[in-house]
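Listed here are the chains, written in short residue letters.
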Amino acid sequence: MAGRVDGKVAVVTGGCSGIGLATVRRLATEGATVVIGDVDDTQGPDVAASVGGAYLATDVTDKSAVDHLFRSAREQFGSVDIAFNNAGISPPEDDSILDTDLDAWHQVQQVNLTSVYLCCKAALEIMTEQGRGSIINTASFVALMGAATSQISYSASKGGVLSMSRELGVQFARSGIRVNALCPGPVNTPLLQELFASDPERAERRLVHVPMGRFAEPEEIANAVLFLASDESSFITANTFLVDGGISAAYVTPL
């Protein structure tokens, strides 16, 4: 069914690669005008042009930059109907709590959690005036599970995204605004490829726990974003939306 978000305006952060890029393309294919907020000034304008949208260089940890992104989207295209707050990092310095220093902790918290707070705040200011909107925040299956291969700040940040999304979903449910947390499992993105190319054993240690026997493709996560952005999910809010190949439900996986 084409046109599932026809005529809607979507703001996507981290839209130049991985899940964000796949989502930008998926939303545009289904009729949305997409405004990309990212720090990739090389790819950003070309990606935006390819989908008939717009690109704004945006440091998602900077409140003024985030506010400008959402205001510009509304001023240029008339509304903000969808906010996919997706920008995030997973640096190698974020490891076991015993090895992760305070600077690495703060960096991940700023990009992965504080940015979602800023984006939600900016989006909600517009959406409450409109009386409608769908916010999708990228959390992770690690917000629900523990791992011996820890990335302590990443896991904590995603737990914060999950909790914040649930609270906002409840708070704004009667304002015509839905807020959901998207929780992907491991996804075949450049970020993951880089990590696993340098440590194949680490990759295998993760893959064995996925019942489907593979990692997700970015397009599969984009399909979930499309569903949460569209009116098809009109009775879904404050939800933990898992797209993880069964990993969070698994005890023993198939041979």
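Scoring rules and cut-offs
- Residues numbered from 1 in each chain as written.
- Predicted model: local features only at pLDDT ≥ 70, side-chain atom pairs only at ≥ 80, totals over all residues.
- Heavy atoms only, no water.
- UniProt positions renumbered as here; feature names shortened; annotations may be inferred.
- Helix = DSSP H or I, 4+ residues; strand = E, 2+ residues; numbered from the N terminus.
- Buried < 20%, exposed > 50% of the residue type's maximum accessible area, 1.4 Å probe, protein only.
- Pairing = 2+ DSSP bridges.
- Right-handed = clockwise from strand over helix to strand, strands pointing away.
- Salt bridge = Lys/Arg side-chain N within 4 Å of Asp/Glu carboxyl O.
- Expected span 1.5 Å × (residues − 1).

Identification of the protein as 3-oxoacyl-ACP reductase from Microlunatus elymi is taken from an unreviewed UniProt entry. Among the UniProt annotations of the protein, the heading Sequence similarities (unreviewed entry) holds the following wording: "Belongs to the short-chain dehydrogenases/reductases (SDR) family."

J.: Explain unusual backbone geometry to me, please; I cannot follow it from the model alone.
T.: With glycine set apart, most residues show a phi of negative sign, and most peptide bonds adopt trans. The phi dihedral of alanine 238 falls on the positive side, at around 55°, and the residue is not glycine. By secondary structure assignment, the location of alanine 238 is in the loop between α8 (218–229) and β7 (240–243).

J.: I'm lost on the pairing of strand β4 (residues 82–85) in this one. Help?
T.: Looking down a regular strand, the side chains alternate between one sheet face and the other. Residues Ile82 and Phe84 point to one face of β4 and Ala83 and Asn85 to the other, with burial holding for every one of them. Pairing analysis gives four bridges linking β4 to strand β5 (residues 133–138), with the strands arranged parallel. Across the sheet, residue phenylalanine 84 finds its bridge partner in β5, namely isoleucine 136. Between the parallel pair β4 and β5, the chain is carried across by helix α4 (residues 102–130), and the sense of this crossover is right-handed.

J.: Got a minute to help me understand the pattern of salt bridges in this structure?
T.: Side-chain pairs of opposite charge can arise whenever the charged atoms involved come near each other. The final tally for this structure, using the stated rule, is seven salt bridges. Between aspartate 231 and lysine 8 there is a salt bridge, and its shortest N-O distance comes to 3.0 Å. With aspartate 231 in the loop between α8 and β7 and lysine 8 in the segment before β1 (9–13), the pair connects residues that are 223 residues apart, well separated along the chain. Its relative accessible area of 55% is what places aspartate 231 among the exposed residues. Close ionic contact of lysine 63 with aspartate 67 constitutes a salt bridge, the shortest N to O distance being 2.7 Å. Within this pair, lysine 63 and its partner aspartate 67 are both found in helix α3 (residues 63–77), separated by four residues, close to a single helical turn. Given a relative accessible area of 39%, lysine 63 falls into the partly exposed group.

J.: Sorry, what's going on with helix α1 (residues 18–29) here?
T.: Helical periodicity: at 3.6 residues per turn, an α-helix aligns residues three or four positions apart in one direction. If you check α1, its first and last C-alpha atoms are 17 Å apart, about what twelve residues at 1.5 Å a residue would give, namely 16 Å. Most of α1 sits inside the fold, with nine of its twelve residues counted as buried. Among all positions of α1, only Gly18, Ile19, Gly20, Leu21, Ala22, Thr23, Val24, Leu27 and Ala28 are buried. Immediately downstream of α1, the backbone of glycine 31 shows phi near 105°, a positive value.

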